Structures are given as structure tokens and as C-alpha cells.
Amino acid sequence: MGYPLRKAVSGLLLILGVTFISFLLMVWFGPEQTYTLVGKNATASQIAEVRRELGYDQPFLQRYADYVADLFTLQLGNSNASGEQVSRILARTVPVTLALMLPGFLLGNGLGIALGLAAAHRRGQWSDRLISALSVTGMSISFLVIIIALQVLLSTPYGLNLFPVRGWQVTDFSSYLHYVTVPTLALVLITLGYNTRFYRAVFVEESARDHIKTARAFGASPVVILWKHVLKNSLVPIITRIMFSIPLVVISGSLLMESYFGIPGVGKVAFDAITSGDQPVLKAVVGLTAVAFVLIQIATDMLYRLVDPRVA
Amino acid sequence: MAGERSIWAQLRADPAGLAGLAVVGLFGVVAVAAWLGWVGQDWSAAGGGRWEPAGPDHWFGTNILGQDIFQRSIYSVRTAFEIGLVVAVLSTLLGALLGALSGWYSHGWVDASILWLKGVLDSIPFYLFVAAVAFALQGNAWAMHVAMIATFWTTTGRLVRAEVMKLKTRDFVLAARTIGLPDRVILRRHLLPNTVHILLVQASIAFVAAIKTEVILSFLGLGVQDGVSWGLMLAESTQEVLAGHFNNFLAASLMLFALLMAFNLLADALQDAFDPKQAAQ
Amino acid sequence: MRAAWQPLALLALVLAVSGCKPEREGSDPDAVQHVYRHAMDGGPSSLDPAKASNIYANFLAINLYDTLYRYKYLARPYRLEPNLADGLPQVSADGLIYTIRIKPGVHFIDDAAFPDGKGRAVRASDFVYSLKRHFDPATRAQGAWLWQGRIVGLDAWKENGADYDEVVSGLRAVDDRTLQIQLISPFPQLTHTLAQGYSAIVPREAVEKYGPEFAVNPVGSGPYRLLSFNSSGAVLERNTRFRQEPFSLEAEGYDPESQAGLGLESLAGRVPPFADRIEVEFVAEDAARWNAFIAGEVDFVKVPVSQFDQVLASRDPPALRPGLAERFRLSASQESGFVHTDFNMDDPRIGYHPDPDQQARNHALRCAIIKAFDWQKRNDVFYYGIGQVFPGIIPPVTPEFEVDQDRSPVSRDLDGARDLLSSHGWHGGNLPVLEYGFTSSVTERQMFEQFRSFMADIGYAADKIKPLTYATYGDYARAYLNREVMLVTTGWTMDYPDAENTMQLFFGPNASPGANTANFNNAEFNRLYRESATMQPSPMRTTMYRNMNRMVIDDCVTISGISRTLILLWKRDRAMLPDRAFVGGFYFRFADPGPAASEDD
């Protein structure tokens, strides 16, 4: 039972490290929320009062210790800006972020796998070159350019004007489709280039292996080869990629999408908290992100074992 | 090195890579010219009228203040290169250093702490980290660079670590140790030079990532503070496109795309040149 | 692998459906709903009236809660009107004692905070409690400055530990319906402050029950109650227990000449609030807000400046293009506030200096900078040319504004500027570096670059004008309130339609961290301010204000100023006159939602 224990300890160290660095950056050096919470004609004593209320005058270690304690007992507190309970803010916004990012994330990877397979299968031929060229093109366009262009083309009178420019008034499935389409398209376009390239490389390497040549020699049909052999045996790198891009795409990416499309998800909440210095929200988001990341690592490990018994 | 000639030959045989190199070179010349003060210096002068269309006075037209979009695009090349180079070089060096140390002393406490640091940095959502660094450095012009370098080194570090771990077991290294050469000499003279192919490719990837990141950061208000960059031009254009003025948007996005595409093709070509096995695929 | 997609897709679907906003109880989804959909260009700072510091929060606070006073719906300039109060206050002869009676039979909405969940009657003591909250540090309220040092015993109450059961002698509920306020010295604007969201009346039970969450759980007696609220919008529902006061055109200050074509006459006699629901969207991004309006998703919009070209057929007077005029109505309303750039007089490089010669040179430099500023161009580029530029600090929206004022302080005079510089020994080489502070948004940056290009014409090299950027307004506020910024560009939103509100911006003792960002300190100005502060509006007071204005202009303390002209558009079939002023927002109850909303508009 040494392995899970070691994993737990290293996970814990990781969480402590993340909380320490984020605390340092975002709380200690971060913006003081005082000046947004203080009235128009504040006196110096009023400012000092608010600072005291928000806890800015306590020493570093004291504040850090309180932070970690709060995190581990899940006493997340209330937002300094809106007064809402942080746990309720999270419960409200995390599902929205997931609903926003998952379709694009899954589609982007799914299409990437499909295109990568197709390119690897027809390696060297014109369809492969086309797919590779398109991938590089996709990798060379800025996220911002894609969003602006999509907005103009789909949501304004200069283009098709079919979808809303921003917002998230989701009450049923059809309104969900209405609001999630443009962000999903944007996300797919951004990630497709990178994904396709990566998966193509993985499949090409796998296809070059001896057991594939053997299967071909035995006359197995290409489709069977692709599905049963190439894909299944590439699961390890595929899983690694998907799992490790979750923090990047879903968490970081959601910040930008939500800011631009005005979607009330956790990414925007986190970003607003950083720029305004709303500590309770910050602590919760950063701490939980660290925990999520560690859990993802553990889950990835377990998936490896399930999929490939050779991995000890 | 014996392999060098064949790398150059590989590169020359790759038309896409050559094209990429040429375009990057062209942009580089423009950047240097702007830095030396020869071109793009009128980027802040509000000389023209509002939103003038492209014409003989202003080749790409003007923005809302009457500033020349062409001048601004040219000056932005300098900004892009400055950010790209600083971040690419420093993050690659940092990654090489830490990766080499980590790989050399692998499974020791040095390795463990570097890996821990890597894990921590990878666990913090990137844009949150950058926003936090920008605040911590209180609007310092280098805040953006510091934040990018602090996160970009991890990929290089990981690759160098793996490479050093592989090289450690090779004969020439064992020989050097037997002679009694100190560790840092081995690292500096024998190991790191053998990672140059990784470093070159990673540096070009980092360059691309840095420029793309700057675009987003400038849009969020955390990027370039004084001066002009494609990110700032795009941020400006978000308002303008809805009033039907596309010049700013087109100029910035096309130039940005050209440079990024060129660099990506170059990075690919470099990667193929250094790893012929993969190139054959 | 194919099989693996199905559970994943199912998971995605479940998560998607779960991401939908649940509706709070209180609405009958089958009933025909008259809905008014409003788009605001920003989000509220908080729904707690004690923290209603921005205009969006104020809008919501005054509709969810009752204030003692409000402003008449249609009268321009704005005039006070009793809201919860039963008539204007009775003021004692010395102007120190205000007696206010409140209307009977007003109830808070039903809420779990009350026994049996039934909302109780609003009492005078509720107002006392609400005002006391501003002086309790635990509330972190933002409105205390309005009443600080003005009400007998209130500041002492705070020193003594802010015990709500302790009586404050200057703020008493004589009985359930009568309120008495005793002032330390005359405060002519007191009644105006009682029309602000800060003074809205909250029930103690709810504040104590919900604690910090009271901010998202409003329990008020206003015309609307809250159904849902998040960072992108709020939904308000009519408060069926709101007092019945039929709409009277005359009482609301209707002017048949200018307001005849709005369709308001058809609403006479009906009982507000007219809309069953109000859906408010917080859309800061101009593009998104405009598109939502044009697509018909919202009924009202403040038109973003970038669209003025497409929207207006003429500027003076503003009129809609024909295609739009068929669908929408327009109101060109003067912003109640102004934008100006202050010099930090505390900075010896540009402001006060112990050496009188250097001080004179600094004064000349400031005046030269002001002369070089091109207000016409600023107006044209950023305000579509319809902003109102005026000299000094008395904005056009106030009654004290001088219409035929000498406009030379806001006319560009390059020769005069250059003369000033050369006669005081300034030249390109020894000009001090100017540090111009702003928050890093696109428009602010463009304004900075425009300023830089203005200064280039008097010999300021581009690298001598440095940007000091801040990622958020809070950060910027911290910097200038700590006197770290040399040139501070801010906007001031007026709290009430009285020039005293802008005069206090330059009163010496109000220096940073107070509202006097310029840190102006002129003994004569301060003396006149103290004298005029206790005077009721009168011609004599107006003359004093104009003298004080002259002093600010002559001392070249600020590059001032411009009041934006806001273009408000709303759907033609809605009979209403919306506003977007800090003293506005009361019109929500009179907003005509037009024909009944169908399921999908």
C-alpha cells in the first residue's frame, strides 16, 4: 500500500505548494479590495476600518494559516463584494462553466482524434497534407481573432445574425443550444489544430509498430486495424492528453470565453475576484483548482492501470 | 557536429520550412528597423481623420483617433519580437537549466523539488496566474514577461530532464565521470549541448505561445501598457467592427497570422530536421 | 471506444440541463406577463442599499426598497417628491430639526425573516435602523459620508460601539409614523440624500437573519421584489402589496410641450407598478448590449458611442434615422455628472511648491496644458460631438449652471499656451514628465494617446508623457487616493441636483483620501464653501458658487469638463420616459411594458 500513500503525500505537498504561491501572489501582493468597498468621500479612519474588517492588517503567517485552515475545513465564507456565500456561488457557477466548456472540449478532442486517425491512415497522401496544413493554420490563429470573427459572422447584422452576441439565459435545451453554439464553435476551432496534430503523431507512431504490420500482413481490414489496434493501443497518450488539458482548456479557457460572451461561470468569477481582490472567492477557487488538479492526476493514474495492465 | 550538414540539407529540402524561415526573417528585419527608429515611429501621432479608409496617406487607413494603422502594425512587429524573444530565450534557458539539474540528480531531492515546483505552476490556471503576477508587480512593464517565463519553462524542463536522464547512461558521460570531471562541467560541456535540438524547437514554440498570450493579455488589459501591439489593436477593434470598421482588425489579425504561421512552419521544419525518423512519416 | 462516447454524451447532457437557472417561487408561469426588459451598461456593486455605490446598484435598490423621497417621474430639472414620506419634511426655523411622517399601511414583502413569514408594517424606526447601519463598521457601508458629522449623536453612537438598541438623540422615531432628525448645522441637501439608494429602508429582522447574504436576499417594501440575481442580470417581480397610488401626469411634472408624443396620457389613472416583471440585464460590453437591443431582446438601451453614427440622422438636435425612428423612440438626456482631469496639487512637480517662483511657474505650466487641450476634438472623437463642454465645475445639469459663461477656458489656444511656457522659462528640455493615470481599458488608453497628441503641439515630446496604468478601477482609486498619481482623470456622478455636490470636490479638507482628488487648497474658496454650505438655494448662493468656480478656473487646477449626452432608445410601443441618472431609476414603476409578452419574443 506504499504507492497510494506516496501519491497522497505528494498530492498534499502539491496542494500546499499551490495554496502558498497563490496566497503569496493573489492575497499578499494582490489588490486591496478596500478601495472598492469604501464610500465616495472616505476618511483615513474609515479606510483603516475597512482594512481591519477585511483582515489586511494581520501578519503574513497568520493570514496564511487561517487560509489553509479555512480551506481544509471547507469554511469558504462569503464574498466580500456581493455578500453571497462562496459555496453557493460555486454551486451556481461551476455547472454553467461545465455546460459551456464540455461540448467544445469533447467535440474538439473527438474531431481531433477522428481527423488524426484519417491523416495517419492516409499518411503522406494529399488528404494527410491537407489536414496537416489546416492544423498548422488553426494553430496560428489567435483565439481573440476567432472569437471576434465568429461574432461578426454569426451574431451581427454584418453576417448571419443567427445567434446572440453574449449571455446565458438558459431555461431549456433549445435555449441552451442557442447560447452555447458560438462559444462551442470558437473552442473547437481553437483546439482542433493542436489536437489533430497531436493525435496524428500518436497514431502514426502506433501504426508503425510491428503488431500493426503483422495484422495487416494477416489481411485484417483497415477499419478493424484502426479501431481495434491503433486506437485502443493509443489510449494511454490519448487519456494523458485529455486529462492534462482539462485544467488548461476548461479552467483557463473558460475565463476568456466567459468574459467575452458574458457567461456567469466560475472562470469569470475567479478573474473578477483576482482583479478586485475578493479573497474568500479567490481562496476557494484557487484551492479547489489545486485539489481538482491533484485528483485528475490520481484519476489519470488509475485509468492507466485499467487500460494498460503493463503500467505498474 | 557531424549531423549539422544534414540538418541544413533537410531544412533546405523543406519548402514550407524555408518559406517560414524567410517570412520570420522578414518580420525580424522589420522589428530591428522599428527598434532602430527607421520605421513605424509615427504610431502614436493622431494625424488623420477618424476612421479614414485605406489611401495614399494612410496605407491601411486610420483608427478612431486618426492614428495610422499601418504605422501601428509595423511598430507592433517590434513589440511582438521583443516579447517573443525575451520570453522564448529566457524560458528555454531556465527550462534547460532546471531540466538538466533535475535529470542529472534524478530521483534525488533536487529533482523532487523541481518536479514539485513544476506541478505547482502547472496547477494554477494560467490566466489567473498572469493576472496575479501583473498585480503583484504593480503594473510593471515586465510583469507579463515574468509571468510567461515562470510558466513556459516547464515544458522545456520536462523534455530536457527526460533527455538528460537518457544521456546520463551513455558512454561518453560515464567516461567523463570516471575522469573525475565535476558535475557542472559535464552538464555544461557535454549534456546541454546535446539538448540543443530540443531547445531550438521549444524556443520557437515558446515564441509563438508568447505572442499569442500577449494578444489575450492586452485584450484583458494586463499586457502591453505603453506602446502598441497587435493585441491592443485587436482590443481596439472589438468596438470598431460593430460599427463596420474592419481595418484595424484585418491589419492586426493578418500580420499576426502571417508571423505565427511562419514560425509554426519553421518549428515543424526544425523538428523534422532534427528527427529524420519522424520526418519520414 | 464508440461505446465510451455514449455515457460521456449523457454526462454532458445532464450537466448542461443542470446548468439551467432555476426559477424562484413566486411567479405563475402560465399567467400572461407584461414584461419590461431593461439593459444596463454595468452591474450593481451590491443589492444591499448600504453598499449601493454605483448607479446600477442605486437603480435596483430604489426599486426593491422604499426611500423616504424620490424624484418626480417627468419633471426636468428633477424635483423632489414624497415616496414613503407623507409630504415634504417640516423644517424648524433654524433649519436644524426635520420632522417627517411616513405613509400608513406600507408593508415589507413576505419573507421567512418575519414571524409566520408575513411581512410586517414599515415603521419610522426602520428608517432609523437603516441609517444607523451606515455607521456600523460591521456593515461595511459606503454611504456614511452623506451624513457624517451632520446628525446629532450619530457619530458618537458609532464610537460607543454601534449598539442598535441605543437611542441616537438626533435620529429618533417619535412614534411608528413620525421621524425626527436633528442636525448639527443646517444641511440644505438633506432631503435629497433621502432620495438616494443609500437611505433605503431595510428591516432589521432580515439583516440579522441573513447576515452577509442579505445582499442577495433583499427584503424591502418597494414596488418590486427580487426573483433572481446573478452576475449577468436580475429579474424583478411586481410587489402586489405595494401601496396604491394612481399615476397622475400633473403630479409627476408632465410637460405637454416636450412630452406629448410619448403616449403617457394613456397611462393616467392606472396604478403603478405597471410591469408584472422587469428583466434587467447587466451588459457592460457595448457591442453585446447594442446587438441585444436591435435584435429585440431588450426594450431599452443606452446607445454606445460607437453606434451613434449608425443611429443618429442629425446631431443637433439628435434625431433618429428613419429606419430606426419607426421602431424606437429617442431621448437625449444630459448626464448628471461630468468628466475632468485633475492635477495633483500635492505633487511639487506640477502643483504647490514651497518656492513662490516655482509655484508661479507650475501655475503657468498647468494653465498652458489646459489651453493646449482640445476639447472640441475630445468631444468629437469620444462623445460624437454631442457632449456638453463647459468651463469649471458647475455642470449643465445643475440649476446653478451659467448658460452664457465665458468659454475661453475650454477653447484651445495654442499661442497663449506657448506664450505662457516661454515667458515662464519652460521649454521642451526642462518640462517635467507628466504621469497620466488611467485604468487599462481601450477607451481610456485612447484618451491618453489623444492627450499625448494634444501636448505634442506645445512641445511635449511623446516620451515625456507617461501612462500609469491600473488593471482595475479599485487599484486606480487606491493610487490616487494615496496621492500617487500626477494627472487623475475621473468622472463624478452627482448625488443630487445641486452644485454643492461638485463644489465639495474642491474643498480643502476633502483632500485625498476624500473626494478632492486635486488636493486643491485655496483659503478663500474654503471660506466661501463653509459659508454657502448652510445656505438654501438662492441667487446669492448661486453668485457665491460662480465665484468659487472662477477660482478653480483661474488656479488651473483641473482640465474641466464635459458632461456626456446620453442617447437613450426604447421601443416605440412602450409609453415611458426612461432616464439613466443617479437620481433616476424611479421610472421603473412607471415603465409601460407594452403589449403582453409572448413566450418567445
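Residues numbered from 1 in each chain as written. Chains lettered and ligands numbered in written order. Predicted model: local features only at pLDDT ≥ 70, side-chain atom pairs only at ≥ 80, totals over all residues.

In this section: the interface of chain C and chain A. Across the boundary between the two partners, chain C contributes 44 residues, which contact 48 residues of chain A. Among the elements of the structure, helix 1 (2-18), helix 8 (286-294) and helix 15 (473-481) of chain C are those that each provide at least two residues to the side of chain C that touches chain A. Here the side of chain C that touches chain A gets six residues from one element, more than from any other, and that element is helix 1 of chain C. (Contact = placed C-beta atoms within 7 Å. Helix = DSSP H or I, 4+ residues; strand = E, 2+ residues; numbered from the N terminus.)

In this section: the pairing of strand 9 (residues 233-238) of chain C. Judged by how many residues are buried, strand 9 of chain C sits mostly within the fold: six of six residues are covered. Burial along strand 9 of chain C is two-sided: Gly233(C), Val235(C) and Glu237(C) facing one way and Ala234(C), Leu236(C) and Arg238(C) facing the other are all buried. (Buried ≥ 20, exposed ≤ 12 C-beta atoms within 10 Å, placed from the backbone.)

On to the interface of chain C and chain B, then. Contacts between chain C and chain B engage 22 residues on the former and 19 residues on the latter. Of all the elements in the fold, those that place two or more residues in the side of chain C that touches chain B are helix 8, helix 9 (308-311), helix 14 (442-456) and strand 18 (465-470) of chain C. Ranked by residue count, the leading element in the side of chain C that touches chain B is helix 14 of chain C, at six residues. Tallied by class, residues from the side of chain C that touches chain B come to eight nonpolar, nine polar and five charged. (Nonpolar A, V, L, I, M, F, W, Y, C, P; charged D, E, K, R; others polar.)

In this section: the packing of helix 5 (residues 126-136) of chain B against helix 6 (residues 143-168) of chain B. Residue and element names in this part refer to chain B. Where helix 5 meets helix 6, the closest approach of the two axes is 9 Å, and the angle between their N-to-C directions is 140°. Classified by the interaxial angle, the pair formed by helix 5 and helix 6 is oblique. Of the two elements, helix 5 crosses helix 6, and the hand of that crossing is right-handed. Contacts between helix 5 and helix 6 involve Phe126, Phe129, Val130, Val133 and Ala134 on the former and, on the latter, Ala143, Met144, Val146, Ala147 and Thr151. Tallied by class, the residues present in the contact of helix 5 with helix 6 amount to nine nonpolar, one polar and no charged. (Axes fitted to C-alpha atoms, helices over the stretch in contact; angles between N-to-C directions. Parallel < 35°, antiparallel > 145°, perpendicular 65-115°, else oblique. Left-handed = near helix turned anticlockwise from the far one by under 90°.)

So, about unusual backbone geometry. Residues and elements named next belong to chain C. With an omega of 5°, the peptide bond between Ser512 and Pro513 qualifies as cis. A positive phi angle, near 55°, is found at Asn519, a position not held by glycine. Residue Asn519 is classed as buried on the basis of its C-beta count, with 23 C-beta atoms lying within 10 Å.

Turning next to the confidence of the model for chain C. Residues and elements named next belong to chain C. Confidence in the prediction of chain C, expressed as mean pLDDT, is 88, and 94% of residues score 70 or more. Predicted confidence is poor over residues 1-27, with pLDDT under 50, and the contacts of this stretch with residues over four places away or in other chains come to 30 contacts. Predicted confidence for residues 597-601 stays below pLDDT 50, and this span has four contacts to residues more than four positions away or in other chains. This complex was scored by the predictor with a pTM of 0.86 and an ipTM of 0.84. (pLDDT = per-residue confidence, 0-100.)

Right, let's talk about the confidence of the model for chain B for a bit. For chain B, per-residue confidence averages 84 on the pLDDT scale, and residues scoring 70 or more make up 94% of the total. Taking the mean pLDDT of every element in chain B, the minimum, 52, falls on helix 12 (residues 276-279) of chain B and the maximum, 92, on helix 3 (residues 69-104) of chain B.

The next point concerns the sheet that holds strand 18 of chain C. All names here are of chain C. The strand order across the open sheet formed by six strands is 16-20-15-19-17-18, and the pairing between neighbours is mixed. Single-partner strands in this sheet number two, and they are strand 16 (388-389) and strand 18. Judged from the seven bridges that link them, strand 15 (residues 337-343) and strand 19 (residues 487-493) form a sheet pairing that is antiparallel. Bridge pairing in strand 19 places Phe338 opposite Trp492. Along the sheet, helix 12 (residues 375-383) makes contact with strand 16 and strand 20 (558-563), crossing strand 20 at roughly 40°. Sitting on the sheet, helix 15 touches strand 17 (434-439), strand 18 and strand 19, and the angle it makes with strand 17 is about 145°. (Pairing = 2+ DSSP bridges.)

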